[in-house]
Structure formats: structure tokens, C-alpha cells
Amino acid sequence: MNGSENEGNRLEAEITRRGFEGAYFQLEARSGEQLLMAQLQNTASTPDLSVGRRVAFSFHAEDAVLLVEG
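1. Looking at the environment of serine 45
Argument step 1. Along the chain, serine 45 turns up in the loop between strand 3 (34-41) and strand 4 (54-58).
Argument step 2. A distance of 3.1 Å separates the side chain of serine 45 from the side chain of threonine 43, its partner in a polar contact.

2. Comments concerning the sheet that holds strand 3
Argument step 1. Taken together, 4 strands build an open sheet; the order of strands is 3-2-1-4 and the sheet is antiparallel. Each end of this open sheet is capped by a strand with a single partner; those strands are strand 3 and strand 4. The average angle at which neighbouring strand axes cross in this sheet is 45°, direction not considered.
Argument step 2. Where strand 1 (residues 10-21) and strand 4 come together, 5 bridges link them in antiparallel fashion. Bridge assignment links glutamate 14 to a residue of strand 4, and that residue is arginine 54.

3. Thoughts on the pattern of salt bridges
Should their charged atoms come close, side chains of opposite charge can pair.
Argument step 1. Tallied over the full model, the rule gives 3 salt bridges.
Argument step 2. A salt bridge links glutamate 28 to arginine 17, with the shortest nitrogen-to-oxygen separation between them at 3.7 Å. Residue glutamate 28 is located in strand 2 (residues 24-31), and its partner arginine 17 is located in strand 1; the two are separated by 11 residues in the primary sequence.
Argument step 3. Ionic pairing is found between arginine 53 and aspartate 48, a salt bridge with its closest N-O pair at 3.5 Å.
Argument step 4. Given a relative accessible area of 39%, arginine 53 falls into the partly exposed group.
Argument step 5. In this structure aspartate 48 comes out as partly exposed when scored by relative accessible area, which is 44%.

Reading the values: rules and limits
- Residues numbered from 1 in each chain as written.
- Predicted model: local features only at pLDDT ≥ 70, side-chain atom pairs only at ≥ 80, totals over all residues.
- Heavy atoms only, no water.
- Helix = DSSP H or I, 4+ residues; strand = E, 2+ residues; numbered from the N terminus.
- Polar contact = N/O pair within 3.5 Å; in protein donor to acceptor, adjacent residues only side chain to side chain.
- Pairing = 2+ DSSP bridges.
- Axes fitted to C-alpha atoms, helices over the stretch in contact; angles between N-to-C directions.
- Salt bridge = Lys/Arg side-chain N within 4 Å of Asp/Glu carboxyl O.
- Buried < 20%, exposed > 50% of the residue type's maximum accessible area, 1.4 Å probe, protein only.

Shown next as C-alpha cells:
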């Protein structure tokens, strides 16, 4: 969803939920047993990110934030 297609930090996922929050929307997606979440700006150029669509999340390692349950 963000970053370069050639990066090693890439997760294939399926969108399971999309919620709107004004100028932004929240996505939830599943990659195996992992839940991925993203907040994106809602613009006229935003691609079709509907529930059920397969997407790839990619990111730079220095931009990653991991939250541990508990």
C-alpha cells in the first residue's frame, strides 16, 4: 500500500474492513493470522480498496511500528 514494490518488507493481505473517518479511512486486512491496520487519506485518486480485495502492504523498516498485545 505504501513504499516500493521491490522492498523486502512486503505483506500480502485481504481487506476485511473499511471504515470512514472524515477525510481519512481505516483499513483492516488479514495476512495469515496477522491483523494489519492502516489509515489512509480519502481522495479522488484513492484506488478501489473494498472489502475482499487482495492488497500488498510494503514499508521501509525505519517507518515500522510494532504493537505487542498485553
